[in-house]
Amino acid sequence: MSKSIISDMDGVIYRGKQLIPGARDFVNRLTQEGTPFLFLTNNAEQTPLDLRLKLESLGISGVTEDNFITSAMATAMFLRSQTRKAMPTAYVVGGAGLINELYNVGFSISESHPDYVVVAKSQTFSFEQIKKAVRFIDQGAKFIGTNPDMIDPIEGGGYEPAAGTLLAAIEAATGKKPYIVGKPNSLMMMLATRKLGVHPEEAVMIGDRMDTDIVGGIEAGMGTALVLSGVSSRESMEQFPYQPDYVFESVAEIDPQAL
């Protein structure tokens, strides 16, 4: 029996708005062969609906909203399980995807002594937001990050700052470290295998980053496959004390049945 596939998206299926060559055929193989699969993304800006529509706009069909777990979903699930309050509150630095997931589990968004400060990548990050986040954390709000990625790959090569950069600014000002829910936290991996209904040994994590996808997969007990179409390269891969089970130039080379 072939293994279930848990795959990252940015740097694996696309870079920014550009499809990675071979990605459409790879996803088609998964759907046609009936291989159970999930996209596990540290992207907290978009909802599963946004992500499905993005894939469709890139020519990838046959994927449903159930095929996604975002770090925003994982963060909301984690915070819901942590709080005993009927109406917990959060101050959010991040987009509609994250706010939406927090609403879905019963949180209200507040700037009056919030229980949590939740930080994700934000296109509209401002000095005002840093000030508020720092003040609320100093007043006792718990500091939560959706994911630790410092940079994200963009189309045409190159990178842009991501959630980890914003977390670092707030951490520097408060002296407090955030608890990070997304990859490489194996909590996120566990949610994925639970959703697929498989044991971690029956799944392979495909990703482009040694420091999140691969280490998270290893720590969760999954097989791991690094693709070189995103952040990590063959050279940077050698600097880590752990290594993936497989290395591919891109998903174009991956036969899910052979993993």
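Below you will find a few notes about this structure. Model, not experiment: these values are computed from the prediction.

Next up on the list: the pairing of strand 4 (residues 37–41). Most of strand 4 sits inside the fold, with five of its five residues counted as buried. On strand 4, burial covers both faces: Phe37, Phe39 and Thr41 on one face and Leu38 and Leu40 on the other are all buried. As defined by bridge partners, strand 1 (residues 4–7) adjoins strand 4 across three bridges and the pair is classed as parallel. Across the sheet, Ser7 pairs through a bridge with Phe39, a residue of strand 4. Direction of pairing for strand 4 relative to strand 5 (residues 68–70): parallel, over a ladder of three bridges. Its bridge partner lying in strand 5, Leu40 is registered against Ile69. Where the polypeptide runs from strand 4 across helix 2 (residues 48–57) and back to strand 5, its parallel neighbour, the crossover connection is right-handed.

With parallel pairing, the five strands of this open sheet are ordered in space as 7-6-8-9-12. In the strand order of this sheet, the two ends are held by strand 7 (108–109) and strand 12 (179–180), each with one partner. Judged from the four bridges that link them, strand 8 (residues 116–119) and strand 9 (residues 142–145) form a sheet pairing that is parallel. Within the sheet, the bridge partner assigned to Val119 lies in strand 9 and is Gly145. Contacting strand 6 (89–93), strand 7 and strand 8, helix 4 (residues 96–104) runs over the sheet at an angle of about 170° to strand 6.

Definitions and cut-offs
Residues numbered from 1 in each chain as written. Predicted model: local features only at pLDDT ≥ 70, side-chain atom pairs only at ≥ 80, totals over all residues. Heavy atoms only, no water. Buried < 20%, exposed > 50% of the residue type's maximum accessible area, 1.4 Å probe, protein only. Helix = DSSP H or I, 4+ residues; strand = E, 2+ residues; numbered from the N terminus. Pairing = 2+ DSSP bridges. Right-handed = clockwise from strand over helix to strand, strands pointing away. Contact = heavy atoms within 4.5 Å. Axes fitted to C-alpha atoms, helices over the stretch in contact; angles between N-to-C directions.

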